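Each chain is listed here by its residues.
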Amino acid sequence: MEIFKEYFAMWNNYANFQDRTSLRGYWMAFLWNFVASLALGWIGTRTGATFFTTVYSLAVLVPTLAIEVRRLHDTGKHWAWIFINFVPIVGQIILIVFFCQPSVAPDGFPQV
């Protein structure tokens, strides 16, 4: 199950706001989280049971915030940049740009 490694790491570190998450680790967890949300949404619309989608969305809230804060740490940004998400459209674009940046070593220089 190597392809799910980052997704499982997101759940294992669900309340870890201190460490760092690599570029690949963040985007693979994002991908599998997106696929799970789509699958549950599709099942919910077909069966009329949107309860599972709601429960999954609430369950993934803290792990998603944690992995986003860890990704910001990995790019050398302060955790408070997560609040830019509240700015409509522009905030989300800025966060996507931050999440796409390469990792920065703890000394402040980009890792090669």
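Look above for the structure.
Quick summary incoming for the structure in this document. Since the model is a prediction, treat every value here as computed from it, not as a measurement. (Residues numbered from 1 in each chain as written. Predicted model: local features only at pLDDT ≥ 70, side-chain atom pairs only at ≥ 80, totals over all residues. Heavy atoms only, no water.)

**What about the overall build of the protein chain?**
- A tally of helices and strands in the protein chain yields five helices and zero strands.
- Classification of the 112 residues of the protein chain by burial places 29% in the buried group.
- For the protein chain, long-range pairs separated by at least 24 residues make up 66% of all intrachain contacts whose partners lie at least 6 apart in sequence.
- Approximately 7,400 Å² of the protein chain is accessible, and the part contributed by carbon and sulfur atoms is 74%.
- Charge separation in the protein chain, taken as the distance between the mean sites of 7 positive and 6 negative side-chain charges, equals 6 Å. (Helix = DSSP H or I, 4+ residues; strand = E, 2+ residues; numbered from the N terminus. Buried < 20%, exposed > 50% of the residue type's maximum accessible area, 1.4 Å probe, protein only. Contact = heavy atoms within 4.5 Å. Areas by Shrake-Rupley, 256 points an atom, 1.4 Å probe, with all protein chains shown as cover. Lys, Arg positive; Asp, Glu negative; His and termini not counted. Charge placed at Lys NZ, Arg CZ, Asp CG, Glu CD.)

**Considering the side chain of Thr21**
- Mapped onto the elements, Thr21 comes out in the loop between helix 1 (5–12) and helix 2 (23–47).
- On the basis of relative accessible area, Thr21 is assigned to the buried category, the value being 9%.
- Polar side-chain contacts of Thr21 include one of 2.9 Å to the side chain of Arg70. (Polar contact = N/O pair within 3.5 Å; in protein donor to acceptor, adjacent residues only side chain to side chain.)

**Focus: the nonpolar core**
- Grouped together as the largest cluster of nonpolar side chains are 14 residues, with contacts concentrated most on Tyr7, Met10, Tyr56, Ile67, Leu72, Leu95 and Phe99.
- At the level of secondary structure, the elements contributing two or more residues to this core comprise helix 1, helix 2, helix 4 (61–74) and helix 5 (90–100).
- In this view, Leu95 contacts Leu72, Trp81, Ile82, Ile84 and Asn85; residues no more than four positions away in its chain are not counted. (Core = buried A, V, L, I, M, F, W, Y, C linked by side-chain atoms within 4.5 Å.)

**Things to note about the packing of helix 2 against helix 3 (residues 51–59)**
- Where helix 2 contacts helix 3, the axes come no closer than 8 Å and their chain directions differ by 160°. Here helix 2 is positioned roughly antiparallel relative to helix 3, judged by the angle of their axes. Crossing hand, helix 2 versus helix 3: left-handed. Listed contacts from helix 3 to Asn33, Ala36, Ser37, Leu40 and Gly41 of helix 2 are Phe52, Thr53 and Tyr56.
- For the contact of helix 2 with helix 3, the per-class residue count stands at four nonpolar, four polar and no charged. (Axes fitted to C-alpha atoms, helices over the stretch in contact; angles between N-to-C directions. Parallel < 35°, antiparallel > 145°, perpendicular 65-115°, else oblique. Left-handed = near helix turned anticlockwise from the far one by under 90°. Nonpolar A, V, L, I, M, F, W, Y, C, P; charged D, E, K, R; others polar.)

**Things to note about the packing of aromatic side chains**
- In this structure the tally under the stated criterion is 14 aromatic pairs.
- For the pair Tyr26 and Phe99, a centre-to-centre distance of 4.7 Å together with 40° between the ring planes defines the contact as tilted. Separated by 73 residues along the polypeptide, Tyr26 in helix 2 and Phe99 in helix 5 bring together distant segments of the chain.
- Taking the centre distance of 5.3 Å and the plane angle of 75° together, the rings of Trp27 and Phe30 count as edge-to-face. Taken together, the residues Trp27 and Phe30, both in helix 2 and three residues apart, mark about one turn of the helix.
- Classification of Trp27 as partly exposed rests on a relative accessible area of 27%.
- An aromatic cluster is defined as three or more aromatic residues linked by ring pairs; in this entry it consists of Phe4, Tyr7, Phe8, Trp11, Trp32 and Tyr56.
- The ring of Phe98 carries Lys77 above its face, with NZ or CZ at 4.7 Å from the centroid. (Phe/Tyr/Trp six-rings, centres within 6.5 Å; stacked < 30°, edge-to-face > 60°. Lys NZ or Arg CZ within 6 Å of the ring centre and 35° of its normal.)

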